[in-house]
Amino acid sequence: MLRSSRFGKVVKKMLKKIIDSATHNITWKIISILIAFFFWWAVVSYEDPIREVTFDNVPVDKVNVESITDNNYAIEYQEGEYVQVVVKAKKSIVDKLTTYDIYVYADISNMSITNAIDIQAQVDIDFQSINIYPANMKVKIENIVSANKEVQYYFEGEVAEGYIALDPIITPNVIQVTGPESQVALISSVIVPIPIAQAKKDVTLYYAPDLLDSQNNPVSKITTNISEVSITVPVEMTKEVGIVFTPIGKVPEEYRLISTLLSRNKVVIKGKETAIQGIDNIVINDIILNEIVMNTELDLFLENYLPSSVDIV
């Protein structure tokens, strides 16, 4: 049916003259029909022509991925996650068309021996053609492997003056990482930063370890058997104390004690504040002189003269 337009009215008049002049001639009747169809198609095309519209970065839905992943393989998408879609249809249709009207997908279960999957498109419109670029999704298939990695750490900042941070207690200190074989091989360190700036007491925190390569870049596509580790950093007070030598008894009468000499007169101790606040000196008071008749050198372990909760730095 011809639309009402100036061009359409002109065509109608021409068709009427041709048909009237060919009323009694069968050949002209057939020609008239063909000419009429041509003009009808011309009018329709003129008023609603075929147009082409291009949509960029259209996401491709991955279908049946479990056909690969359920067999302990990992998929790395190398090309075709986003495509360009070119739709050719009538102008009245493409003018209203959006990316939401286009469904693009790749059925992973139909992967070829070259690891390529055809990309398909569905559009619920009357279209002339649809083209997709690229037409295939290219993937890489890898074994999924696991490995155990020790959790390492580094301190951020320093504790308050007069205090010391001891080695942290990390639980668990070994975690299991799982992922594509090439990604697991990249992991150089599993590490947690521990902020201790100006700390005067134990630091406790929870942290998801960072998985880093040899250049300290994050390694992706890896899962771990734990979401975070528990970290406790003991922080103890330090104190400089003197060393006092108070021997027991006297040397035999025919000998005389000339002097005693300590290799050091002071040492730094560490412990909780309540444990060290009453300690000003380490007193060595268990050396008996009664049997010493010559110059003597003794190695003494200072920890033996301190409470069990206090240590030498």
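The structure we're discussing is the one just above.
Please read all numbers here as calculations on a predicted model, not as lab measurements. (Residues numbered from 1 in each chain as written. Predicted model: local features only at pLDDT ≥ 70, side-chain atom pairs only at ≥ 80, totals over all residues. Heavy atoms only, no water.)

### Considering the sheet that holds strand β10 (residues 169-171)
Either a parallel or an antiparallel arrangement is found when strands of a sheet pair, and the pairing is made through backbone hydrogen bonds.
Turning to step 1, where the next piece is worked out: Taken in spatial order, the three strands of this open sheet run β10-β16-β13, and their pairing is antiparallel. Either end of the sheet is taken by a strand with one partner, and the two such strands are β10 and β13 (203-207). Strand-to-strand twist in this sheet, taken as the mean axis angle between neighbours without regard to direction, amounts to 15°.
Turning to step 2, where the next piece is worked out: With five bridges joining them, β13 and strand β16 (residues 229-233) adopt antiparallel strand pairing. Across the sheet, L205 pairs through a bridge with I231, a residue of β16. (Pairing = 2+ DSSP bridges. Helix = DSSP H or I, 4+ residues; strand = E, 2+ residues; numbered from the N terminus. Axes fitted to C-alpha atoms, helices over the stretch in contact; angles between N-to-C directions.)

### Brief notes about the packing of aromatic side chains
Turning to step 1, where the next piece is worked out: In this structure the tally under the stated criterion is two aromatic pairs.
Turning to step 2, where the next piece is worked out: Taking the centre distance of 5.3 Å and the plane angle of 20° together, the rings of Y103 and Y105 count as stacked.
Turning to step 3, where the next piece is worked out: Residue classification places Y103 among the partly exposed residues on the basis of a relative accessible area of 35%.
Turning to step 4, where the next piece is worked out: Aromatic side chains Y153 and F155 sit 5.3 Å apart centroid to centroid with 55° between the ring planes, which places their arrangement in the tilted category.
Turning to step 5, where the next piece is worked out: Of note, K62 hangs over the ring of Y77, and the distance from its end group to the ring centre comes to 4.6 Å. (Phe/Tyr/Trp six-rings, centres within 6.5 Å; stacked < 30°, edge-to-face > 60°. Buried < 20%, exposed > 50% of the residue type's maximum accessible area, 1.4 Å probe, protein only. Lys NZ or Arg CZ within 6 Å of the ring centre and 35° of its normal.)

### Re the pattern of salt bridges
Turning to step 1, where the next piece is worked out: Applying the stated rule across the entire model yields six salt bridges.
Turning to step 2, where the next piece is worked out: For E81, the salt bridge goes to K62, with nearest N and O atoms at 2.7 Å. You can see E81 sitting in the loop between β3 (73-79) and β4 (82-90) and its partner K62 sitting in strand β2 (residues 61-63), a full 19 residues away along the chain.
Turning to step 3, where the next piece is worked out: Take E81: its relative accessible area is 30%, and that puts it in the partly exposed class.
Turning to step 4, where the next piece is worked out: With its nearest N and O atoms 2.8 Å apart, the salt bridge here joins K91 to D95.
Turning to step 5, where the next piece is worked out: What makes K91 partly exposed here is its relative accessible area of 31%. (Salt bridge = Lys/Arg side-chain N within 4 Å of Asp/Glu carboxyl O.)

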